[in-house]
Amino acid sequence: MMYENEQIQTVTGKDKKECITKLYNMYGYDYKVINMATDFKSAGFLGLRKEPYYYVNYIVTHNNSYEKNKTSIMNRDAEQTENRLSEAELMQKNREDILKNNQNYFLTSTLKEMAQQIQNIQKDMNENFTSIANATSEKHETIKKIEELLQENEFTFSYIQMIDEKIRSAFSLDQLEDFELVERYVVDWIGETINVAKEKVYRPPHVIIVVGPTGVGKTTTIAKMASTKIIEAKRNNRVRPELCLITIDTMRVGALEQLSKFGDILGKKVLKAETSEDVKKIYDENKAHVDYVFIDTSGYSPNDSKHIGYMKNILSVDNLNPDVYLSVCATTKASDLNNIFRNYEPFGYNSIIVTKWDETTQIGNVISVLYDKHKTVSYITDGQHVPANIRKASVIDFLVSLKGFNIDRSHIEDKFGEKE
């Protein structure tokens, strides 16, 4: 039964006895238990052990406050008028006291019985968890070897744990003896965690912005993307698209000059914007006759929230509706990638461009963070040549770059290749 204007509250403890004690200390008997339940939390090395904890949902009723006050008043009045009470009234008072004591005794006995039952359950659960931990402390050699390969490719600990759990769930002990079988499934599972961005159709002008920390090659990437649009149109016998190149990079020396060189090759002047008003003015002046607007941005440390916020304000232009890419370097370690992904989130980037692909042989860091952050990947760049060293990302690109794994190229192309 619910009480009007009462809110359900929760108290937790290591067992139900502790929860009930907390409630009694806080409210006396002025509460009503809605339900009690048990949950588990990870504990111990690698989170393999599960510890139970208990919680009690309750409401404060205040039903007993009246009885307490009534009893207190009765005790006070009884002391003053004891000599005037009749024998029948004294008997009635004693009867009420006996009933009250019996109720308290019943409640105490019930709590003790519940506490003993909880202790027995906890003991059984601890014994079960101990047995499970002992049974899993020795990993199968196949699992160990897969873990070593994943570590060699710089996958994160959480990603490796995810693969471990899938192996344990999917294979029997007999099947674990077949390493090649397990390895093939693991490669497939890795491929399934890589989400390649799908092509979108935009109304002209398609505004493309590339953001990211300093040194990841944003300016060269902008030039490659712009050149690719022209090449694709020529390859498909379409009219050459009209481009507009804008830079808001006012921090790096030579940034404008670098993009201007690419602009000269494309036959386009690079326009400079220092404020959101500049961006809006350039956009309004060009939107009616261009197909693409490419905006190059300043590079900052991912921890430089002040300048990142300032750059975000410059790009906050009404009706711009940009397609924002976050550019990251393939050689960046996973912890730094996590930080970059998080701190550039205010830009609402749609997908990732992985640069400097050719400068590393371990790509597990990128795969892990893409999976962890639920982000798609759009392009891969692997050199300075414009526009040669850029291509649309594919699952196959990632899988064939895995170090130490035996990759069945025919199988992964059939499974992850583009379908006609």
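Criteria and cut-off values
Residues numbered from 1 in each chain as written. Predicted model: local features only at pLDDT ≥ 70, side-chain atom pairs only at ≥ 80, totals over all residues. Heavy atoms only, no water. Buried < 20%, exposed > 50% of the residue type's maximum accessible area, 1.4 Å probe, protein only. Helix = DSSP H or I, 4+ residues; strand = E, 2+ residues; numbered from the N terminus. Pairing = 2+ DSSP bridges. Right-handed = clockwise from strand over helix to strand, strands pointing away. Salt bridge = Lys/Arg side-chain N within 4 Å of Asp/Glu carboxyl O. Axes fitted to C-alpha atoms, helices over the stretch in contact; angles between N-to-C directions. Phe/Tyr/Trp six-rings, centres within 6.5 Å; stacked < 30°, edge-to-face > 60°. Lys NZ or Arg CZ within 6 Å of the ring centre and 35° of its normal.

*Asks:* Got a minute to help me understand the pairing of strand S8 (residues 323–329) in this structure?
*Replies:* In terms of burial, S8 is a largely internal element, seven of the seven residues being buried. Neither face of S8 is exposed, since Asp323, Tyr325, Ser327 and Cys329 on one face and Val324, Leu326 and Val328 on the opposite face are all buried. Pairing of S8 with strand S9 (residues 351–355), which is carried by five bridges, proceeds in the parallel orientation. Paired with Val328 across the bridge in S9 is Val354. Handedness of the S8-helix H12 (residues 334–343)-S9 crossover: right-handed.

*Asks:* Which parts of the structure should I look at to understand the pattern of salt bridges?
*Replies:* Side-chain pairing between opposite charges can occur once the charged atoms of the two side chains come close. As enumerated under the stated definition, the model contains 15 salt bridges in all. Where Lys287 meets Asp284, a salt bridge forms, and the shortest distance between an N and an O atom there is 3.7 Å. Between Asp397 and Arg391 there is a salt bridge whose closest N-O contact spans 3.3 Å. With relative accessibility at 16%, the residue Asp397 sits in the buried group. Through salt bridges with shared partners, a single ionic network connects Lys139, Glu147 and Asp164.

*Asks:* Just checking my understanding: could you explain the sheet that holds S9 for this structure?
*Replies:* Two modes of strand pairing occur in sheets, parallel and antiparallel, and in both the strands are linked by backbone hydrogen bonds. The eight strands lie next to each other as S6-S5-S7-S4-S8-S9-S10-S11, forming an open sheet whose pairing is mixed. Edge strands, defined here as strands with exactly one partner in the open sheet, are strand S6 (270–272) and strand S11 (390–392). If you compare each strand with its neighbour and ignore which way they point, the axes differ by 25° on average. Of the pairings in the sheet, the one linking strand S5 (residues 243–247) to strand S7 (residues 292–296) comprises five bridges and is parallel in character.

*Asks:* Would you mind showing me how to read the packing of aromatic side chains here?
*Replies:* Taken as a whole and assessed by the stated rule, the structure comprises 10 aromatic pairs. Members of the aromatic cluster, connected to one another through ring pairs, are Phe155, Tyr159 and Tyr371. Above the face of the Trp189 ring, Lys166 is positioned so that its terminal group lies 5.1 Å from the ring centre.

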